[in-house]
Amino acid sequence: MSQRIFSYPIRVADDAIDRLGHVNNCEYLRWMEAAATAHAAQNGWAYADLVGIRRMWVARQHWVEYLKPAFLGEELTMFTWVQSIRHYASLRRYALKRGEDLLLAGATEWVFVDAERFRPARLTEDVVASFLTVPPDDPELQALGIARQIRYSPSATLLG
């Protein structure tokens, strides 16, 4: 069953904290990837499923906007959704919240790759059909308090 907007719970552990006493910026990227992987698996495309068709997702670009810090022991929720998916790439968006506070907005441009040749591979119809796209002005994003304008420049083919 495909979910448009996926929520991924996070509890901030000791190893996520940096010298400044808050979550290290690298952790946010790790959580983004974990949420994307869990969402793909929930939609029927776990890593093992991709290996079976000799394909994988590879990050081309990441964008992260840090809005507020997170701290040890906090309960957070990473939201992720696919804004667009076409040809051989996908634009995935993220929002990290602590209660009503928006801590992070981010995105990853993922490229679908042939696992043997390490070259972009055209997305198959079944992969595309597994991900329901969510436009930036979607009412559900607005209701969750996570609708934000893009502040970066993904590949033009993903914005059309």
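Treat the numbers as computed from the prediction; the structure is a model and nothing was measured.

Rules of the game
- Residues numbered from 1 in each chain as written.
- Predicted model: local features only at pLDDT ≥ 70, side-chain atom pairs only at ≥ 80, totals over all residues.
- Heavy atoms only, no water.
- Core = buried A, V, L, I, M, F, W, Y, C linked by side-chain atoms within 4.5 Å.
- Buried < 20%, exposed > 50% of the residue type's maximum accessible area, 1.4 Å probe, protein only.
- Helix = DSSP H or I, 4+ residues; strand = E, 2+ residues; numbered from the N terminus.
- Contact = heavy atoms within 4.5 Å.
- Salt bridge = Lys/Arg side-chain N within 4 Å of Asp/Glu carboxyl O.

Draft legend 1. Molecular detail of the nonpolar core. Counting residues in hydrophobic clusters, the biggest one holds 17 residues, and the most contacted among them are Tyr28, Trp31, Leu76, Met78, Tyr94, Leu96 and Leu104. Elements represented by at least two residues in this core include exactly α1 (25-42), β3 (75-86), β4 (89-98) and β5 (101-114). Of the residues forming this core, the biggest block, 5 residues, is contributed by α1. Among all residues touching Leu104, those that are not within four sequence positions of it are Tyr28, Met32, Val64, Glu65, Tyr66, Leu67, Met78, Tyr94, Ala95 and Leu96. The next biggest cluster of nonpolar side chains, apart from the first, holds 10 residues, and it includes Ala40, Trp45, Val82 and Phe131.

Draft legend 2. Structural detail: the pattern of salt bridges. Within this structure, the stated rule accounts for 13 salt bridges. For Arg55, the salt bridge goes to Asp114, with nearest N and O atoms at 3.3 Å. Of this pair, Arg55 sits in strand β2 (residues 55-66) while Asp114 sits in strand β5, and the two are 59 residues apart along the sequence. Taking relative accessible area as the criterion, Asp114 reaches 9% and is therefore assigned buried.

Shape is all these values report; function is a separate question.
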